[in-house]
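Observations on the model geometry
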Amino acid sequence: MRGAAQSLTAAASGFVVVLLLTVPVVQGQDDWGVTYSPTQICALEGSTVEINSLFSYPSAVRRVSTTVQDTFWFRKEIDGVYSDLRRVPEYSRRVTYHCDNKKCTLTIENLVKSDSDPQIQVNVIQVFTSTRLNCHSSCHLPDHSSYIWYKNEREVHNEQGKYFHLYTFGPEDNYRCAVRGRGDFRSPPVYAPKLLSVSVSPSGEIVEGSSVTLTCSSDANPEAKYTWYNKNRNGNPFLKGSLSFWSIQSSHSGEYYCTAENELGRRSASTFIDVKYPPRIPSVSVSPSGEIVGGSSVTLTCSSDANPAANYTWYKENQTLFQGPEGVYHFTSINSEDRGNYHCKCENHYGQINSSALHVDVQYAPKLLSVSVSPSGEIVEGSSVTLTCSSDANPAANYTWYKENEDSPKATGQIFTITDLRPEHSGNYYCEAQNTRGRRNSTLNLTVMGGAWKLYGVAAVSAIVLAVILTSVFLWIIDTGSERLGTDLRSNSDLRLKRINSGNTLQLQIPIQVK
């Protein structure tokens with residue numbers, strides 16, 4: 001805390017003297033400290049002033065009956081040493097102390113200019129299109145006071161008033177003032193912002209979701225006001241000295257710049273924010289779009305928004321096909337074996353994600369055409385037969401059956417059934433498989449066994465008739481020769497006609513008994 005009390009005990013003509021009352025550290029009420037108020041005294045040269053102060057020390061010290069053994073006043077610290085004014089030659093005969101019960105009074109007689117530390121400053125006032133500098137003292141100065149103005153530390157000889165009008169000024173110019181006769185006490189310089197810098201905290205990589213603060217700073221007097229801009233927002237200002245993101249997003253990436261501005265000028269500086277984030281949900285596509293024809297060139301593309309850029313891996317089902325920084329997989333001449341489901345994986349340092357499945361459907365003309373007949377083996381007249389045609393095709397093939405040398409189709413569909421076969425059904429049949437991508441034929445020879453069976457039946461009947469005739473002739477011979485044999489075979493014979501093996505062969509059995 002700082003404080004002071006003062007009184008003027010005498011007055012004399014002369015220059016105003018300003019005394020600044022300060023302590024090195026402001027302490028709390030239960031600590032070591034000195035208080036006084038106000039913080040400055042304005043007095044005339046040659047006059048006398050009294051400065052009153054109160055001091056304090058910690059209560060723990062008071063409990064052990066500690067007493068203050070010495071008090072003194074000082075003006076400046078020199079090499080870490082505080083010099084008692086009573087021992088400083090220029091003050092020793094002009095100062096007196098009076099201290100009692102934590103209150104100390106300093107009396108300074110016959111004030112001189114060297115006692116002062118005047119507070120002179122330049123106030124900057126904007127007046128329409130011009131700028132006016134006002135040399136201002138913390139104490140009221142006489143109206144007839146004269147001033148000195150400095151531009152870049154060099155005196156401006158044609159300016160002696162309290163006000164200095166600026167119509168143009170450079171970004172590196174600075175201005176000071178002083179009360180004439182006290183040029184050693186110049187005001188602090190005023191100047192446009194310079195040494196502008198921007199910083200990002202924390203430094204290093206910025207990851208999505210983290211907290212980030214942008215700070216702008218400069219050297220300026222009067223103090224600069226700061227405004228942040230983002231080019232992605234079409235130049236709309238944030239109107240803040242610092243810019244904070246509590247949970248920064250990828251959309252916040254971009255170039256940011258700040259302006260530092262006071263009444264004497266403005267400057268700008270920029271920084272780039274690059275927000276890192278894992279891959280977003282990828283999109284997959286096939287080119288050309290639409291139907292894919294076997295033998296054509298096809299490209300699968302996977303893309304994902306990521307920072308840094310993602311690496312890509314293509315899979316067919318669970319089989320790895322390709323890995324690399326580009327999400328493109330190319331078929332120079334796609335074929336039916338390339339049909340199936342594909343997906344890609346996108347990954348960077350901050351995460352990974354899989355795409356949805358992409359089905360690739362390759363269309364091609366019928367191939368691997370085959371025909372079959374059921375039942376297999378000899379085909380007999382009067383029976384039935386089924387002809388079947390199959391092929392590999394996409395889209396699925398349509399089937400048509402033809403018989404050689406006939407223009408009209410016999411049937412449509414994969415299966416062709418013929419019932420009650422006749423010899424005229426024999427011949428070459430062929431199946432045609434067709435889709436939008438092409439057609440293919442396959443031939444089958446069909447032979448019906450019919451005429452040979454009829455001839456066999458006639459022969460069997462003729463053999464039976466012949467057997468009956470031969471039997472009759474044989475019986476006649478036996479009858480006519482019975483006298484030579486001396487035996488009546490006719491009366492003792494047992495003639496039997498027997499069918500052998502249930503077939504069409506007849507066997508005549510004649511038992512003969514010789515006496």
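Calculation notes
Residues numbered from 1 in each chain as written. Predicted model: local features only at pLDDT ≥ 70, side-chain atom pairs only at ≥ 80, totals over all residues. Heavy atoms only, no water. Helix = DSSP H or I, 4+ residues; strand = E, 2+ residues; numbered from the N terminus. Buried < 20%, exposed > 50% of the residue type's maximum accessible area, 1.4 Å probe, protein only. Areas by Shrake-Rupley, 256 points an atom, 1.4 Å probe, with all protein chains shown as cover. Pairing = 2+ DSSP bridges. Axes fitted to C-alpha atoms, helices over the stretch in contact; angles between N-to-C directions. Patch = residues over 30% accessible without salt bridge, like charges linked within 9 Å, V, L, I, M, F, W, Y side chains within 5 Å. Salt bridge = Lys/Arg side-chain N within 4 Å of Asp/Glu carboxyl O. Disulfide = S-S within 2.5 Å. pLDDT = per-residue confidence, 0-100. Contact = heavy atoms within 4.5 Å. Phe/Tyr/Trp six-rings, centres within 6.5 Å; stacked < 30°, edge-to-face > 60°.

Right, let's talk about the overall build of the protein chain for a bit. On a plain count of helices and strands, the protein chain comes out with five helices and 43 strands. Within the protein chain, the fraction of its 515 residues that count as buried is 34%. When the accessible surface of the protein chain is totalled, it reaches about 30800 Å², and 50% of it is carbon and sulfur.

Let's shift gears to the sheet that holds strand S24 (residues 283–287). Sheet architecture is open: three strands sit in the order S24-S26-S29, paired in antiparallel fashion. In this open sheet, the two edge strands, each paired with only one partner strand, are S24 and strand S29 (328–331). On average, each strand axis in the sheet is inclined to that of its neighbour by 10 degrees, with strand direction left out of account. As judged from the four bridges shared by strand S26 (residues 298–303) and S29, these two strands associate in the antiparallel manner. Paired with Val 298 across the strands is Phe 331, a residue of S29.

Here the focus is a nonpolar patch on the surface. A grouping of Phe 72, Phe 74 and Tyr 82 is seen on the molecular surface, where their side chains present a nonpolar patch of about 250 Å² in accessible area. We classify Phe 72 as partly exposed; its relative accessible area is 35%.

The next point concerns the side chain of Asn 174. As for its position among the elements, Asn 174 is in strand S15 (residues 174–179). Residue classification places Asn 174 among the buried residues on the basis of a relative accessible area of 16%.

Attention shifts here to the state of the cysteines. Taken as a whole and assessed by the stated rule, the structure comprises five disulfides. Here Cys 99 is linked by a disulfide to Cys 104, with a sulfur-sulfur distance of 2.0 Å. Across the S-S bond linking Cys 99 and Cys 104, the dihedral sits near 120 degrees, which makes this disulfide right-handed. At a sulfur-sulfur separation of 2.0 Å, the disulfide partner of Cys 135 is Cys 177. Its S-S torsion of approximately 80 degrees makes the covalent link between Cys 135 and Cys 177 right-handed. With Cys 135 in strand S11 (residues 130–137) and Cys 177 in strand S15, this pair connects stretches of sequence that are 42 residues apart. Across this residue pair, the class does not change: Cys 135 and Cys 177 are buried.

Attention now moves to the confidence of the model for the protein chain. Detailed reading of the predicted coordinates is not advisable wherever pLDDT falls low. On average, residues of the protein chain carry a pLDDT of 80, and 78% of them reach 70 or more. Taking the mean pLDDT of every element in the protein chain, the minimum, 29, falls on strand S1 (residues 5–10) and the maximum, 97, on strand S27 (residues 311–316). Counted against residues more than four places away or in other chains, residues 453–461, with its pLDDT under 50, gives one contact. Here residues 482–515 is a poorly scored stretch, pLDDT under 50, and it has 38 contacts once near neighbours within four places are set aside; other chains count.

A word on the packing of aromatic side chains. Here the structure, examined in full by the defined rule, presents 12 aromatic pairs. Here Trp 149 and Phe 164 contribute two aromatic rings whose centre-to-centre distance is 5.3 Å and whose plane-to-plane angle is 50 degrees, an arrangement assigned as tilted. Of this pair, Trp 149 sits in strand S12 (residues 147–151) while Phe 164 sits in strand S14 (residues 163–166), and the two are 15 residues apart along the sequence. Residues Trp 149 and Phe 164 agree in their burial class; the two are buried. When the centroid spacing of 5.4 Å and the interplanar angle of 15 degrees are considered together, the rings of Tyr 402 and Tyr 430 count as stacked. Here Tyr 402 is found in strand S36 (residues 398–403), whereas its partner Tyr 430 is found in strand S39 (residues 427–435), with 28 residues between them in sequence. Here a set of aromatic residues connected by ring pairs shows up, and it is made of Phe 322, Tyr 329, Phe 331 and Tyr 342.

By the definition in use, this model includes 16 salt bridges. Notably, a salt bridge pairs Arg 87 with Asp 84, separated by 2.9 Å at the nearest N-O pair. The buried category is assigned to Asp 84, whose relative accessible area is 6%. When the shortest N-O distance is used, the salt bridge between Glu 153 and Arg 186 registers 3.5 Å. Taken as a pair, Glu 153 in the loop between S12 and strand S13 (154–156) and Arg 186 in the loop between S15 and strand S16 (190–201) lie far apart in primary sequence, 33 residues in all. Since its relative accessible area comes to 38%, Glu 153 is described here as partly exposed.

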